[in-house]
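Observations on the three-dimensional arrangement
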Amino acid sequence: MGIEHRVPRVSLREEDLLAEAHKRAGSCEWGTYDFRDALRVLLQCIRNEARLSHTGQFLNWRNITRVLTNRLLIEQEKQKRGVPYPESCEQPVFIAGLPRTGTTLLHNLLIQDPDSHYLRLCDGMYPSPPPHPEKREHDERVEKAGQYTTTMYSLRPELKKVHYIEATSPEECLWLFEHQFLDPVFAVRMHIPSYNEWLFQRNHDASYADYHEMLNSLALHFPSRRWVLKAPRHIFFINSLLKEFPKACIIWTHRDPAKVIPSMASMSYLYRQWFSKKTDPIGTGQYQLLSFSKGIQWAMSLRKQADASRFYDLQYQDLMNDPGREVEKIYEYFNIPFSDNMKKSILVWIQNNPQNKHGRHSYSPEEFGLTSAQIRQEYASYSERFHIPQESD
């Protein structure tokens, strides 16, 4: 019997999702942040465009009810505390740039700094109550996130090669922005182009303020540490990010788009096979080609309006050739102390984590109806502006 016959039948109606969260959290106090409009848009686009399978219906239900329950628990924790959380983001480091440009490697290297703090998968999935150092490896959220990764890799073992994660691994900020229902990841998992169009047209100041408050909560018991955060989405909303974090240190990673776009198409196609009744590799390739092209043009226009000193541009090939030295240069640029202990920790991590440790992610542009020449032409202005070298085909 296939998985489609084993998953429960669930409802993605807004009122049913909210009722399930009320039941789980034992509360209906949502707080002041208004997430309802984004949730309604997401649900409408899913109904109209996503062509969900029964499995996709269930996966969305499980994800949305978890997030809604978290929102209620977060509000309960705020009301119990009674005062704002201490500031934890004086000089946060943000790793941004298109997906598949070395951001995961860089994230793992930067958190070798003992003065750093990072978002773990389990904290992003279950951000309330704030984690405590004495229980950090053994609290319930670690077990629940571990169950998630075990299930994911049992159903889609190929994803290990694309992006391997564990419950306590450093993870992307998307897990927090899911709580506002405002993140491009929804359009990676499913064919919902209207949602992505809407997402880029709206103002994100309020969602970054909500995200900031969540970071302060998560860092409550980890004072005097510097956040090291990662998400491709940050380059698309630089204006809102810098408004909320004016001292942010933004590392923008760059790589030959002819390598980035097919890799992203391959990852998206794997997720869409999981969520949808019918998937189209050619359509997925075209969507990734054009949506990220539009996004990168938008990001470049926003950057022109921002303080140039807040950005450090990092080429993928430089990072791969000498990762330790590139981290040291980043620290020098942002005037962050770089210790010998951190340098040693970086070397140890690199030795223990060779590239393709969990298998090689194999793909080609042609699988998705693309060619390297076509991709490079589409991204020519981006590559020219940042002097991005071509990699061999």
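An account of the accompanying structure is given in this report.

Calculation notes
- The residue numbering used here restarts from 1 in each chain and proceeds along that chain's sequence as written.
- Predicted model: local features are reported for residues with pLDDT of at least 70 only, side-chain atom pairs are reported and counted for 80 or more only, and whole-chain, interface and lining totals are derived from all residues.
- Only hydrogens and water are removed before side-chain values are computed, so all heavy atoms of the structure are retained for them.
- Any two cysteine sulfur atoms lying within 2.5 Å of each other are counted as a disulfide.
- A side-chain nitrogen of Lys or Arg and a carboxyl oxygen of Asp or Glu constitute a salt bridge if their distance falls within 4 Å.
- Helix and strand definitions here come from DSSP, where helices need a minimum of 4 consecutive H or I residues and strands a minimum of 2 consecutive E residues; each element is numbered from the N-terminal end.
- A 1.4 Å probe rolled over the protein chains alone gives each residue an accessible area, and that area as a share of the maximum for its type sets the label: buried under 20%, exposed over 50%, partly exposed in between.
- Planes of paired rings set the category: under 30 degrees apart is stacked, over 60 is edge-to-face and the rest tilted, where pairs are Phe, Tyr or Trp rings (Trp by its six-membered ring) whose centres lie within 6.5 Å.
- We call a charge positioned over a ring when the NZ of a Lys or the CZ of an Arg lies within 6 Å of the ring centre and within 35 degrees of the ring normal.
- Only buried residues count toward a nonpolar core, which is a set of Ala, Val, Leu, Ile, Met, Phe, Trp, Tyr and Cys residues joined through side-chain atoms within 4.5 Å.
- Any two strands are treated as partners once DSSP identifies two or more bridges connecting them.
- Any two residues whose heavy atoms approach within 4.5 Å are treated as being in contact.
- Axes here refer to lines fitted to C-alpha atoms; in helices the fit is confined to the stretch in contact. Angles between the N-to-C directions go from 0 to 180 degrees.

Following the criterion strictly, the structure yields zero disulfides and no others. Free cysteine C173: the closest other cysteine sulfur is in C89, separated by 10.0 Å.

Another aspect to go through is the pattern of salt bridges. All chains considered together, the criterion is met by 25 salt bridges. A salt bridge links K294 to E197, with the shortest nitrogen-to-oxygen separation between them at 2.9 Å. Of this pair, K294 sits in helix α14 (residues 281–304) while E197 is found in helix α10 (residues 193–201), placing the two residues 97 residues apart along the sequence. As a salt-bridge pair, D256 and R376 come within 2.6 Å of each other at their nearest N and O atoms. Note that D256 is positioned in the loop between β4 (249–254) and α13 (257–275) and R376 in helix α18 (residues 372–378), a separation of 120 residues in sequence. The pair formed by D256 and R376 is uniform in burial state, with each residue classed as buried. Salt bridges linked by common partners bring R13, E15 and D16 together as one network.

Another aspect to go through is the packing of aromatic side chains. One pass over the structure, following the stated rule, counts 24 aromatic pairs. Consider the rings of Y269 and F368, whose centres lie 6.1 Å apart with planes at 75°: the pair is edge-to-face. Of the two residues, Y269 is situated in helix α13 and F368 in the loop between α17 (340–352) and α18; the sequence distance between them amounts to 99 residues. Of the two residues, Y269 and F368, neither departs from the other in class, the shared state being buried. An aromatic cluster is built from F94, F177, Y208, Y211 and F245, whose rings are joined through pairwise contacts. Over the aromatic face of Y126 sits the side chain of K144, whose NZ or CZ is 4.2 Å from the ring centroid.

Our focus in this paragraph is the nonpolar core. Counting 105 residues, the largest nonpolar core has L68, F181, I192, Y211 and W252 as the members making the most contacts within it. With 10 residues, α13 is the largest single contributor of residues to this core.

Backbone-to-backbone hydrogen bonds join strands into a sheet, with any given pair of strands oriented parallel or antiparallel. Ordered in space as β2-β3-β1-β4-β5, the five strands form an open sheet in which the pairing is parallel. Both edges of this open sheet fall to β2 (116–117) and β5 (311–315), since each of them pairs with a single strand only. Sheet topology places strand β1 (residues 93–97) next to strand β3 (residues 226–230); three bridges connect them, and they run parallel. Paired with I95 across the two strands is K230, which belongs to β3. Sheet contacts for helix α11 (residues 205–218): β1, β2 and β3; angle to β3, the most-contacted strand, approximately 130°. On top of the sheet, helix α16 (residues 323–333) reaches β3, β4 and β5; it is set at about 165° to β5, its chief contact.

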